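This is what each chain is made of:
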There are 6 protein chains.
Amino acid sequence: MSAKIAVFRKEHFNAAHRLHNPHWDDATNKAIFGKCNNPHYHGHNYELIVKVIGEINPETGYVMDMKVLSDIIQQHIIERFDHRNLNEDCAAFKNLNPTAENIAVVIYDILRKEINQNLDLQIRLYETERNFVEYPALSQNF
Amino acid sequence: MSAKIAVFRKEHFNAAHRLHNPHWDDATNKAIFGKCNNPHYHGHNYELIVKVIGEINPETGYVMDMKVLSDIIQQHIIERFDHRNLNEDCAAFKNLNPTAENIAVVIYDILRKEINQNLDLQIRLYETERNFVEYPALSQNF
Amino acid sequence: MSAKIAVFRKEHFNAAHRLHNPHWDDATNKAIFGKCNNPHYHGHNYELIVKVIGEINPETGYVMDMKVLSDIIQQHIIERFDHRNLNEDCAAFKNLNPTAENIAVVIYDILRKEINQNLDLQIRLYETERNFVEYPALSQNF
Amino acid sequence: MSAKIAVFRKEHFNAAHRLHNPHWDDATNKAIFGKCNNPHYHGHNYELIVKVIGEINPETGYVMDMKVLSDIIQQHIIERFDHRNLNEDCAAFKNLNPTAENIAVVIYDILRKEINQNLDLQIRLYETERNFVEYPALSQNF
Amino acid sequence: MSAKIAVFRKEHFNAAHRLHNPHWDDATNKAIFGKCNNPHYHGHNYELIVKVIGEINPETGYVMDMKVLSDIIQQHIIERFDHRNLNEDCAAFKNLNPTAENIAVVIYDILRKEINQNLDLQIRLYETERNFVEYPALSQNF
Amino acid sequence: MSAKIAVFRKEHFNAAHRLHNPHWDDATNKAIFGKCNNPHYHGHNYELIVKVIGEINPETGYVMDMKVLSDIIQQHIIERFDHRNLNEDCAAFKNLNPTAENIAVVIYDILRKEINQNLDLQIRLYETERNFVEYPALSQNF
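Being a predicted model, the structure only gives us computed values, none of them experimental.

Draft legend 1. Expanded view of the overall build of chain A. Helix and strand counts for chain A stand at 4 helices and 5 strands. Reading chain A from its N end, one meets helices and strands in the order β-α-β-α-β-α-α-β-β. Principal-axis analysis of the C-alpha atoms gives chain A an extent of 60 × 40 × 25 Å. Put simply, chain A has 142 residues, and 63% of those count as buried. Sequence-distant contacts, at least 24 apart, represent 67% of the contacts inside chain A between residues at least 6 apart. Summed over its atoms, the accessible surface of chain A is roughly 5900 Å², and 49% of this surface lies on carbon and sulfur atoms. Where the 15 positive side-chain charges of chain A centre and where its 19 negative ones centre are 3 Å apart.

Draft legend 2. Local environment of the packing of aromatic side chains. According to the stated counting rule, one finds 48 aromatic pairs over all chains in the structure shown. Ring centres 5.6 Å apart and planes at 25° place the aromatic pair B:Trp24 and B:Phe33 in the stacked group. With respect to burial, B:Trp24 and B:Phe33 carry one shared label: buried. With a centroid separation of 5.2 Å and 90° between ring planes, the pair formed by B:Tyr108 and B:Tyr135 is classed as edge-to-face. Here the residue B:Tyr108 occupies a position in helix H4 (residues 100-114), and B:Tyr135 occupies one in strand S5 (residues 131-137), the gap between them amounting to 27 residues. The residues B:Tyr108 and B:Tyr135 share a single accessibility class, namely buried. Feature note: the residues A:Phe13, A:Tyr46, A:Phe81 and A:Phe93 constitute an aromatic cluster, connected by ring pairs. For B:Arg124, the ring lying beneath its charged end belongs to C:Phe8, and the centroid distance is 4.6 Å.

Draft legend 3. Structural context of helix H4 (residues 100-114) of chain F. Residues and elements named next belong to chain F. Counted at 1.5 Å a residue, the expected span for H4 with its 15 residues is 21 Å, and the 21 Å between its end C-alpha atoms agrees. Among the 15 residues that make up H4, 12 are buried, leaving the element largely enclosed by the rest of the structure. Buried residues of H4: Ala-100, Glu-101, Asn-102, Ile-103, Ala-104, Val-105, Val-106, Ile-107, Tyr-108, Ile-110, Leu-111 and Arg-112, and no others.

Draft legend 4. The relation of the copies chain B and chain C, seen in detail. With an RMSD of 0.0 Å, the fit of chain B onto chain C corresponds to turning through 120° and sliding 0.0 Å along the axis. Such values leave the two copies arranged in the relation of a three-fold axis. Measuring from the rotation axis to each C-alpha of chain B, the shortest distance belongs to B:Leu138, at 5.9 Å. Taken together, the interface assignments show that only 12% of the residues at the interface of chain B recur at the interface of chain C, consistent with different surfaces on the two copies.

Draft legend 5. View of the interface of chain D and chain A. The partner chain A presents 28 residues to the 26 residues of chain D that form the contact. The junction of chain D with chain A conceals about 2300 Å² of combined surface from both sides, 53% of it contributed by carbon and sulfur atoms. A:Lys51 is paired through a salt bridge with D:Glu134; the nearest N and O atoms lie 3.9 Å apart. At the junction of chain D and chain A, the tally comes to 12 residue pairs in polar contact (both at pLDDT 80 or more).

Draft legend 6. Up close: the arrangement of the chains. No interface is formed between chain A and chain C, the nearest pair of C-alpha atoms being 14 Å apart. Separated in space, chain D and chain F share no contact, their closest pair of C-alpha atoms being 14 Å apart.

Draft legend 7. Region of interest: the relation of the copies chain D and chain A. For the pair chain D and chain A, the relating rotation is 120°, the translation along its axis is 0.0 Å, and the fit reaches an RMSD of 0.0 Å. A share of only 12% of interface residues in chain D that are also interface residues in chain A marks the association as one of differing surfaces.

Calculation notes
Residues numbered from 1 in each chain as written. Chains lettered and ligands numbered in written order. Predicted model: local features only at pLDDT ≥ 70, side-chain atom pairs only at ≥ 80, totals over all residues. Heavy atoms only, no water. Helix = DSSP H or I, 4+ residues; strand = E, 2+ residues; numbered from the N terminus. Buried < 20%, exposed > 50% of the residue type's maximum accessible area, 1.4 Å probe, protein only. Contact = heavy atoms within 4.5 Å. Areas by Shrake-Rupley, 256 points an atom, 1.4 Å probe, with all protein chains shown as cover. Lys, Arg positive; Asp, Glu negative; His and termini not counted. Charge placed at Lys NZ, Arg CZ, Asp CG, Glu CD. Phe/Tyr/Trp six-rings, centres within 6.5 Å; stacked < 30°, edge-to-face > 60°. Lys NZ or Arg CZ within 6 Å of the ring centre and 35° of its normal. Expected span 1.5 Å × (residues − 1). Least-squares fit on C-alpha atoms with pLDDT ≥ 70 in both. Buried area = accessible area lost by both parts, 1.4 Å probe. Salt bridge = Lys/Arg side-chain N within 4 Å of Asp/Glu carboxyl O. Polar contact = N/O pair within 3.5 Å; in protein donor to acceptor, adjacent residues only side chain to side chain.

Function-wise, these values are silent; they only describe arrangement.
Given below as structure tokens:
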């Protein structure tokens, strides 16, 4: 049995968001989320890296065609989130705080349906160059 | 006479904005500004590079102390724009479209007052890694 | 009179090339161009930054629409050079050695015809992260 | 027993390649590989990251000397692939399509013989900043 | 049971160091550590990425507050190592060679005490853009 | 007359330094230079970009051979400063404070003698990603 290989495709989108928990009062929201709670929103250039793990198809030399992967990301993620206000314009965040963690899970759940179930999937999302997340993550308590 | 030298300091801020001309109807705004006209805003990680040109002080070996320059940028630019909605939260853009060009001119005008007049000043502002501006720019029609 | 401002758009293309002077013998070509003279070509991910200098249009807040600039670069440069062999597939280099310098001049000459003559133009081309060129360049013998 | 640690060394090479399956007709090759099938080749600046996993030698504080790792990569990979046409100049790809996936496996197989068997090895290869692969990859179906 | 997610925070510090084993003579130190053995030290801009793995808190949408993580890194790592000579100024390296490997383990051991034990922790440390380490690392001999 | 073109070569070196003015007392040095005055030194990964401006040689398509420029930088700058303590090991800084500004001027003065006088020269030196200098700089008081 040959080992698996991972392929990665990087895309980006620009979006506004605001961190807010509607079950908390304003003071608690301000205390927990700080500047990220600004009621008029702020925004980010999100960098998205989609990792797909599988075996190499000997006919093509591909795990999957990066053009196809790019098109899937474009159609299902970029079209939905780019130049949008995540809180106001995106159904996924009507009742979900658009933290980097939650955005990554939402993106994973969307893409999981679009990509062959024989392939594993992992999402890395950069909110800034200094803050980023990866989902799912293997526990490393070894 | 010794030649001048330039020193650069890079900072960043995250902000929401929307491109819109209130003198135009919605269709024109949409046609000209496209996705950037989205009424609920989108956002960016703005990277700001401030360039200061002068002579080296022989006592310190500095043109100016980068810590001082960083503090000036922090106090006058980052405090004002970071985690804000440029259109809603920032007086400078009440009647000025917050394009990268206009943001750079606004930042230049603010910093020009805070930096020694013997020193020249230039602003570079990255809206994304692929779109950026520089002000002022020397005409290169030579 | 208000100062001018520069706007920049970054694009990229991947191409093969080979450095070779047909008026020289093989030994001279090998001595001057080294590994870059390999007869079967090698290649690069070229990063292209197009700088346009002008005044801000007060209606739009733009020097020029970056989407329009991107489309011009796409149509006239990327379509022509991306995933091509510069020596074999591109008329511009039939009789011109595709060094980074010459590629930059060729790109400048193509884009100069497509961009409003009131706007100044400058090209920066990265052959690798460590080797790049800029055209035209102001002499700095001051 | 102390945990293992990974050390990484980044190198690069510039090469031309073409994606092509000789068992298919031209139309199929064009349909599957698109611009990457251009008969005259195109090229890339490949960034290669070699990851070596082991225990720290208490005498040196090293897993392995990065200078030695760099020399191994230089001798066995860069000398072989840099400024070459992968399809034409490299025996490994005479009968193997030089996709990023296949190049990574070839590099892994070459380096695996040169590096102490007590050390684990993984290859990351960037074809562009937006397309890259990693081999071997742990299945993350957890 | 929901999958875990990783969050990352990037910080940096600038430090001097020298690689040296006091149990070896000068010639052996020079032979093993080369230029890194220079008695007057050299230095690096260290980039530190701290990875924390856990479950998303449904109240906040956070694994942990990146501001809190940043403050912990600032207080326990940056204050201790930034603008210091690791060999001379830092107790941790009085009897430990400050290789990238050993610095990463030291940072891990310090941060492990400061971060909730329900969260897994991993350190990535860049000594240069081309040399970096990750601790702990999962053996990939699969 | 054809316009000039600039070519750039990027190299790097790792060095320790300390900012200190021997004519000042310790308190003044500490007040002015802060952490950079640490008596045991700290260090940086310096990134150096050398810009050379001239006309394209029609025989080669080069302004100058980047391999030759790289060799000049290697021999005269990297050999002298890499893995060194600028204050202790480098004659140029025996009586000159090794600020980024002064290092850039020293590098310029060294390289100016090694590069054809028909070619203009400019140095950009990154002390960190956020602090950098450029010499000489054209005054932009226009």
